[in-house]
Amino acid sequence: MSEITTLQLSLNERIDLQSVLPVKEGITTLIIIEDIKSKLKITQDEIVEFNIQDVQFPNGNTGIKWNEKGALSLKDVEFTKKEIDTIMNVFNKLDDSKEFPNSLINIYKKIK
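The notes below deal with the structure included here.

Each value, and the rule that gives it
Along each chain, the written sequence defines residue order, and numbers are assigned to residues from 1. Totals for whole chains, interfaces and linings use all residues, but because this is a predicted model, local features are given only for residues with pLDDT of at least 70 and pairs of side-chain atoms are given and counted only at 80 or more. Side-chain numbers here rest on the full set of heavy atoms in the structure, without hydrogens or water. Counting from the N terminus, the helices are the DSSP runs of H or I reaching at least four residues and the strands are the DSSP runs of E reaching at least two. Residue burial is assigned from relative accessible area. The probe radius is 1.4 Å, only protein chains are included, and a residue is buried under 20% of its type maximum, exposed over 50%, and partly exposed in between. Any two residues whose heavy atoms approach within 4.5 Å are treated as being in contact. Surface accessibility in these figures is a Shrake-Rupley result with a 1.4 Å probe; residues are shielded only by whichever protein chains are displayed. The span you would expect from a helix comes to 1.5 Å times its residue count less one. Here, the arc refers to the directions that run from the helix axis to the C-beta atoms. Here, a salt bridge means any side-chain nitrogen of Lys or Arg that lies within 4 Å of a carboxyl oxygen of Asp or Glu.

Things to note about the overall build of the protein chain
Per the secondary structure count, the protein chain includes six helices and four strands. What you see in the protein chain, going N to C, is helices and strands ordered as β-α-α-α-β-β-α-β-α-α. Principal axes of the C-alpha set define a box for the protein chain whose edges measure 40 × 35 × 25 Å. Classification of the 112 residues of the protein chain by burial places 29% in the buried group. Here the contacts in the protein chain between residues at least 6 apart in sequence split such that 63% fall between residues at least 24 apart. Carbon and sulfur atoms provide 50% of the accessible area of the protein chain, an area that totals close to 7600 Å².

What about helix α2 (residues 27–40)?
Over its 14 residues, α2 runs 20 Å from end to end, which matches the ideal 20 Å to within 8%, given 1.5 Å per residue. For α2, every residue scored as buried is listed here: Ile 32, Ile 33, Ile 36 and Leu 40. One side of α2 carries all its buried residues, which in axial view fall inside an arc of 100°. Turned more than 90 degrees away from the buried face of α2 sit Ile 27, Thr 28 and Ile 31, all of them exposed.

Regarding the pattern of salt bridges
Within the structure shown, the criterion is met by six salt bridges. We note a salt bridge from Glu 46 to Arg 14, for which the minimum N-O separation is 2.8 Å. With Glu 46 in helix α3 (residues 44–49) and Arg 14 in helix α1 (residues 11–20), this pair connects stretches of sequence that are 32 residues apart. Comparing Glu 46 with Arg 14 shows no difference in burial state: the two are buried. Among the salt bridges present, the one from Glu 25 reaches Lys 93, with a minimum N-O distance of 3.0 Å.

Printed below as a string of structure tokens:
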């Protein structure tokens, strides 16, 4: 049985982590990435419970918003060792290229 790591992730963290996962990689890595994405995705139940909505900002950018309950919610997400290794490889590439986003620092700390 493979080692499991459970991380408590907020909606923001789940969205931010998904946004940095690569779309082009080797086949086996992409399979692992798809598994990671399926664990991070926002569900229809969460859309209703947290009143998640698309928004357009005055500057033309788009995003999403949610209610206070959504802002405070944490989801326990279980990752295999291969998934954690894949996430850390993504983080290391971002760090090496000096493009590590501030929004991912807490996830990095939770893994380390």
